[in-house]
Amino acid sequence: LAIAEALAGRDPANTGWQVDLAVSYSRLGNHDGLTVTERRDFLLRGRKLLQELKEAGRLHPSQDYVAWFDAALTTLPTP
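Predicted, not measured: the structure shown is a model, and the values here were computed from it.

Those residues of helix α4 (residues 66-75) that fall on the buried side of the exposure criterion are V66, F69, A72 and L73. The buried residues of α4 occupy one face: seen down the axis, they fall within an arc of 120 degrees. In α4, those exposed residues whose orientation departs by more than 90 degrees from the buried face are A67, T74 and T75. Buried residues belonging to α4 abut α2 (15-29) and α3 (36-55).

Encoded structure:
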């Protein structure tokens, strides 16, 4: 995660690195070893990142996982 965040922060214009960071967030959002609050936070970060790329016209349709993040968020129990 630290590497993905560093790369994405170093070059915000690099869509590939931004998507890689969102994927890292998705993996942590599905990690059973984290609290529900931590998992929700990671899923919200990934969703926000992809939504911003999408709104800016920088997200390729094959990288559009916003709906996946929405679905994953609905499966989390209430904290």
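Read on for the rest.
To continue, consider the environment of E5. Looking at where E5 falls in the secondary structure, it is placed in helix α1 (residues 2-10). In this structure, the C-alpha to C-alpha distance between E5 and D20, residues 15 residues apart in sequence, is 9.1 Å.

Another point: α2. Its 15 residues place the ends of α2 21 Å apart at the C-alpha level, agreeing with the 21 Å of an ideal helix rising 1.5 Å per residue. Looking only at α2, the buried set comprises T15, Q18, V19, L21, A22, S24, Y25, S26 and G29. As for α2, its buried residues are in contact with α1, α3 and α4. With a side-chain oxygen lying 3.1 Å from the backbone nitrogen of G16, the N-terminal cap of α2 falls on N14.

Cut-offs and rules
Residues numbered from 1 in each chain as written. Predicted model: local features only at pLDDT ≥ 70, side-chain atom pairs only at ≥ 80, totals over all residues. Heavy atoms only, no water. Buried < 20%, exposed > 50% of the residue type's maximum accessible area, 1.4 Å probe, protein only. Helix = DSSP H or I, 4+ residues; strand = E, 2+ residues; numbered from the N terminus. Arc of directions from axis to C-beta. Contact = heavy atoms within 4.5 Å. Expected span 1.5 Å × (residues − 1). Polar contact = N/O pair within 3.5 Å; in protein donor to acceptor, adjacent residues only side chain to side chain.

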